[in-house]
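Below, each chain spelled out in residue letters.
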Amino acid sequence: MTNPIHIIGGGLAGSEAAWQAAQAGVPVVLHEMRPVRGTDAHKTDGLAELVCSNSFRSDDAEANAVGLLHAEMRLANSLIMACGDAHQVPAGGALAVDRDGFSAAVTAKLEAHPLIGIVREEVTGLPPGNWDQAIIATGPLTAPSLAEAIADQTGTDALAFFDAIAPIVHFDTIDMNVCWFQSRYDKVGPGGTGKDYINCPLDKAQYEAFVAALVDGQKTEFKQWEGTPYFDGCLPIEVMAERGVETLRHGPMKPMGLTNAHNPTVKAYAVVQLRQDNALGTLYNMVGFQTKLKHGEQVRIFKTIPGLENAEFARLGGLHRNTYINSPTLLDPTLQLKGRPGLRFAGQITGCEGYVESAAIGLLAGRFAAAERLGQPISAPPATTAFGALLNHITGGHIVSDEEPGKRSFQPMNVNFGLFPPLEPGTKLRPDDFEGRFRGKDKTIAKKKATTARALRDCRAWLGMAPTVKAAE
């Protein structure tokens, strides 16, 4: 019998890695420490539990890099995307999911797979030598003992920072006489109607008072982690407020593309948006409102938002630790630790950022490990694909500082078009029935569409040479 691949961590990356390897015909043992040992952010013992937002972000595969990554993962028969699609909730142009239904579906699929065994235990050190093929996918909440073992093995200190969790509000406590349903620019996404967000309007005085309250509010103190380098994609709301009174109006509270249904002639100075968080529509999360405010301060300050005066919170914001390794230095192009053959890393611990990106790196790690176990050549995805662009960022996409030799410059990043190689000279941007010339924003969109078309073409060709895997559903 073929020796199993051992995967440590049952989050999105570990779950996807297990699925891909098992579907390729290789047995897998998935080690998950919950509920034996919990974390500060997880609430259940389900696999692939979403602990921050419930959104997989844009599902636009033509003009958005994460939407393209969705499409490539679907082509690769991703378990995470299959379960996400099956449990989507309305969210404008984004793909958002019912977090409980999603996690339950992933767990059920993995438990039912004949080649996957799930062991509930904490792995406190690096995989033993007889685990000759293993993947560490412990994510941003890696247990301290394992993190120390990784640091001892690599000789490199893991960097730690905090992702902040946004509050969730009970829908029936939101005043819809003040708020209204509308997606920005009325955009319709998968499962949506163009009215997928609840909008709370603020005038200038209300907005400025709100910003002042955020800045002055009492925050949770973590003296041992002072100077934590927050990732810009998940900054706490109060940290953004501290950067200037107008910062939030150009970020999560921007009023553009929205018209107050109750008073169409008056333009809001700023808007707080809430997005559906579960399939029943009973819970809504405050978009972009990750926070480290103390719980009492959250209730006091957030209830000053028009329409939320009587809000009841199903969950208040909080913080969790995020640990990641210096992947460009430590990992080879197949996500394997350079100092230990057969040991791979996957997910956010590699320095990717976001649910979908984490799952995508798990998908690649699972395929690479399975190919190696089966004695097949490992075929890396082309750099022109979203898979390849993200992989290249992780394994080599950092800048070395000439001014500070040896200083670590690698930072977590979401997939974006800046990670893709430029289009080849002479690439046709316009369709056959368009005789004009693209300019400005139209040209930018046309270039994105050409980039995604190239990516999907190259991804299909790459998958055609990869080991055959069965669909997730």
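Structure report, in brief. (Residues numbered from 1 in each chain as written. Predicted model: local features only at pLDDT ≥ 70, side-chain atom pairs only at ≥ 80, totals over all residues. Heavy atoms only, no water.)

All right, on to the overall build of the chain then. When helices and strands are counted, the chain shows twelve helices and 16 strands. Of all 473 residues assigned to the chain, the portion counted as buried reaches 55%. (Helix = DSSP H or I, 4+ residues; strand = E, 2+ residues; numbered from the N terminus. Buried < 20%, exposed > 50% of the residue type's maximum accessible area, 1.4 Å probe, protein only.)

Attention now moves to helix H8 (residues 295–302). Each α-helix turn comprises 3.6 residues. Residues three or four places apart therefore point the same way. Inspection of H8 places Glu 297, Gln 298, Ile 301 and Phe 302 among the buried residues, and these make up the whole buried set. Within H8, the buried residues cover an arc of 110° as seen down the axis, which keeps them to one side. Against helix H6 (204–216), strand S13 (283–286) and strand S14 (313–315) lie the buried residues of H8. (Arc of directions from axis to C-beta. Contact = heavy atoms within 4.5 Å.)

To continue, consider the nonpolar core. Counting 80 residues, the largest nonpolar core has Phe 56 and Phe 387 as its most contacted members. Discounting chain neighbours no more than four positions away, the residues touching Phe 56 are Leu 50, Val 66, His 70, Ile 80, Met 81, Gly 84, Leu 95, Ala 96, Val 97, Phe 102, Tyr 355 and Val 356. By size, the runner-up hydrophobic cluster in this structure holds 31 residues, among which are Ile 174, Ile 198, Ala 213 and Tyr 284. (Core = buried A, V, L, I, M, F, W, Y, C linked by side-chain atoms within 4.5 Å.)

One non-glycine residue, Asp 186, adopts positive backbone phi at about 60°. By the element assignment, Asp 186 lies in the loop between strand S10 (180–181) and strand S11 (197–202). Residue Leu 335 is not a glycine yet carries a positive backbone phi of 70°. Mapped onto the fold, Leu 335 is located in the loop between helix H9 (327–330) and strand S16 (343–345). Owing to a relative accessible area of 0%, Leu 335 belongs among the buried residues under this scheme.

Spatially, S3-S5-S4 is the arrangement adopted by the three strands of the open sheet, whose pairing is antiparallel. On the outer flanks of this sheet lie strand S3 (55–58) and strand S4 (88–89), each paired with one strand and no other. Strand direction decides the pairing type here: S4 and strand S5 (residues 94–97), joined by two bridges, are antiparallel. Counted as the bridge partner of Gln 88 is Val 97 from S5. Along the sheet, helix H2 (residues 65–75) contacts S3 and S5; its crossing angle with S3, the most-contacted strand, is approximately 115°. (Pairing = 2+ DSSP bridges. Axes fitted to C-alpha atoms, helices over the stretch in contact; angles between N-to-C directions.)

Let us now look at helix H1 (residues 12–23). For H1, with twelve residues, the first-to-last C-alpha span of 16 Å sits near the 16 Å given by 1.5 Å per residue. Considered for burial, the residues of H1 that qualify are Leu 12, Ala 13, Gly 14, Ser 15, Glu 16, Ala 17, Ala 18, Trp 19, Gln 20, Ala 21, Ala 22 and Gln 23. Phi for Gly 25, located one or two positions after H1, is positive at around 100°. (Expected span 1.5 Å × (residues − 1).)

Moving on to the sheet that holds S16. Strands sit in the order S6-S2-S1-S7-S16 across an open sheet of five strands; the sheet is parallel. In this open sheet, the two edge strands, each paired with only one partner strand, are strand S6 (116–120) and S16. For this sheet, the mean angle separating the axes of adjacent strands, direction not counted, is 20°. By the bridge criterion, four bridges tie strand S1 (residues 5–8) to strand S2 (residues 28–32) in an arrangement that is parallel. Residue pairing in the sheet places Ile 8 in a bridge with His 31 of S2. Contacts from helix H10 (residues 355–373) reach S1, strand S7 (134–136) and S16 within the one sheet, and its direction differs from that of S16 by about 165°.

Burial analysis of S2 places five of its five residues in the buried class, which makes it a mostly covered element. Chirality of the crossover, the property in question, places the unit of S1, H1 and S2 among those that are right-handed. As defined by bridge partners, S2 adjoins S6 across five bridges and the pair is classed as parallel. Within S6, the residue paired with Val 28 across the bridge is Ile 116. (Right-handed = clockwise from strand over helix to strand, strands pointing away.)

For the rest of this paragraph, the subject is the side chain of Arg 344. The residue Arg 344 is located in strand S16 in this model. Taking the relative accessible area as the measure of exposure, Arg 344 reaches 0% and is therefore buried. Those residues in contact with Arg 344 that lie beyond four places of it in its chain are Gln 133, Ala 134, Ile 135, Ile 136, Thr 334, Leu 335, Gln 336, Ala 365, Phe 368, Ala 369, Glu 372 and Ile 378.

In contact at an axis separation of 7 Å, H1 and H10 are set at 35° when each is read in the N-to-C sense. Considering how the two elements wind past one another, H1 and H10 form a crossing that is right-handed. Facing H1, whose interface residues are Leu 12, Ala 13, Glu 16, Ala 17, Gln 20 and Ala 21, H10 presents Tyr 355, Ser 358, Ala 359, Gly 362, Leu 363, Gly 366, Arg 367 and Ala 370. In terms of residue class, the contact of H1 with H10 is made up of eight nonpolar, four polar and two charged. (Left-handed = near helix turned anticlockwise from the far one by under 90°. Nonpolar A, V, L, I, M, F, W, Y, C, P; charged D, E, K, R; others polar.)

Another point: the pattern of salt bridges. Per the counting criterion, the structure on display carries 13 salt bridges. A salt bridge links Glu 49 to Arg 34; the nearest nitrogen and oxygen atoms lie 3.4 Å apart. Of this pair, Glu 49 sits in the loop between S2 and S3 while Arg 34 sits in the loop between S2 and S3, and the two are 15 residues apart along the sequence. The buried category is assigned to Glu 49, whose relative accessible area is 12%. Under the relative-accessibility criterion, Arg 34 is labelled buried at 3%. Arg 57 is the salt-bridge partner of Glu 357, the closest N and O atoms lying 2.5 Å from each other. Pair noted here: Glu 357 is in helix H10 and Arg 57 is in strand S3, with a separation of 300 residues, a long-range link. By relative accessible area, which is 0% here, Glu 357 ends up buried. Within this structure, Glu 32, Arg 34 and Glu 49 form a network of salt bridges that share partners. (Salt bridge = Lys/Arg side-chain N within 4 Å of Asp/Glu carboxyl O.)

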